[in-house]
Amino acid sequence: MRELLSEIKRWRQQGKAVALATVVRAYGSSPRPLGAKMAVSAAGDMAGSVSGGCVESAVVQEALAVIADGRPRLLRYGIADEWAQGVGLACGGEIEVFVERIA
Amino acid sequence: MSAWFERLEQALAAGEAVAVATVVAGMGLGGKMLVWPDGRCEGELPTPALTAAVREAALALFGGADADRRTFTVGDQVSDVFIEVLAPPPRLIIVGAVHLAIPLVRFARILGFHTTVVDARPVFATPERFAEADRLLVGWPDDILPTLALDAGCHVAVLSHDDKLDVPALWVALNSPARYIGALGSRKTMAKRAQRLRELGATDEQLARIHNPIGLDLGGRRAEEIALAIMAEIVAVRNGRRL
């Protein structure tokens, strides 16, 4: 969290809304620990990470939707093949990511 | 700006430990509460019963796991709550504003440490050399270290090569609950220091806390390589690895 604060502050100063994504459940060999965070600005800037890079682009899309409607979302990502959208974790882990608007 | 996030920023800036609870599913979705170790809370969840239960669960997390996911049932309403503890950053206290201390500060900062450099010699301890350090304190370690409130979140690296600085610094560190104490120098140098520490009253048990030679054995000789070896050792100690 701490390492994201300066970036979040900068986005706010630029007048951009911000969403925060947090890993709130991690099963199996997921790459990032519980509590790992990524911040996303309304312009699509990102800081931090919630996986090894596998699901970040999907989370950015969801974060933009959260910024737009203000409603928090709980996302679940698993092994790629099991998921229709084709976004998943190559490592075989499974994570849940909570996304909320913070500014 | 969400009020809770603004409050969290303040708490982190003030170096406070704080737990953040979030309802991630079920009743009260999106609800937030901050809990401090002394029991203070800010923010409320939909029912007083849920607020009280989450507060208790958050307090139980301090000093233990960093995060937990819990399901709370109040009446026939279920709330899925994620609670995480945001601790103040670990601290690295470097005694000896030597050349090696410069890359050590840099690596430590990348790893999220708050860094303090202490040296009595103003020629070494200059703001130009240590622009990246959070604090640069010019003075004797036996005067300065006791004012730093060394706790279990502290890591002390003694690098000065000068017994007038190193021995008193080690003595203060050994009498604190610091998580890590490392001392630069060969085993022979360390044996001499240990003798002087014994004269001050150090026990074998205390002396065994000192990591020497300092750092993991990566085989490096350059200052940057030794700094990396020191941070690698500190990370291993923090993660409970026995080396």
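The structure displayed is predicted, hence computed values, not measured ones.

(A) Region of the structure containing the interface of chain B and chain A. The partner chain A presents 21 residues to the 22 residues of chain B that form the contact. Between chain B and chain A, roughly 1,700 Å² of surface is buried when both sides are summed, and carbon and sulfur atoms account for 62% of that area. At the boundary of chain B with chain A, the tally comes to four salt bridges. When the shortest N-O distance is used, the salt bridge between Glu100 of chain A and Lys32 of chain B registers 3.2 Å. At the boundary of chain B with chain A, the tally comes to eight residue pairs in polar contact (both at pLDDT 80 or more). For the side of chain B that touches chain A, the elements supplying multiple residues, two or more each, are α1 (3–13), β1 (18–26), β4 (67–74) and β5 (77–86) of chain B. When residues in the side of chain B that touches chain A are grouped by element, the largest group, five residues, is from α1 of chain B. Partitioned by chemical class, the residues of the side of chain B that touches chain A number 15 nonpolar, three polar and four charged.

(B) Highlighting unusual backbone geometry. All names here are of chain B. The linkage connecting Asn212 with the following residue, Pro213, adopts the cis geometry, with an omega of -5°. Looking at the element boundaries, Pro213 is found in the loop between β11 (210–211) and α8 (223–238). Even without being glycine, Ala149 reaches a positive phi, approximately 50°. As for its placement among the helices and strands, Ala149 is situated in the loop between α4 (141–144) and β9 (154–158). In this structure, His161 takes a positive phi of about 70° despite not being glycine. With respect to the helices and strands, the residue His161 is situated in the loop between β9 and α5 (163–174).

What counts and how
Residues numbered from 1 in each chain as written. Chains lettered and ligands numbered in written order. Predicted model: local features only at pLDDT ≥ 70, side-chain atom pairs only at ≥ 80, totals over all residues. Heavy atoms only, no water. Contact = heavy atoms within 4.5 Å. Buried area = accessible area lost by both parts, 1.4 Å probe. Salt bridge = Lys/Arg side-chain N within 4 Å of Asp/Glu carboxyl O. Polar contact = N/O pair within 3.5 Å; in protein donor to acceptor, adjacent residues only side chain to side chain. Helix = DSSP H or I, 4+ residues; strand = E, 2+ residues; numbered from the N terminus. Nonpolar A, V, L, I, M, F, W, Y, C, P; charged D, E, K, R; others polar.

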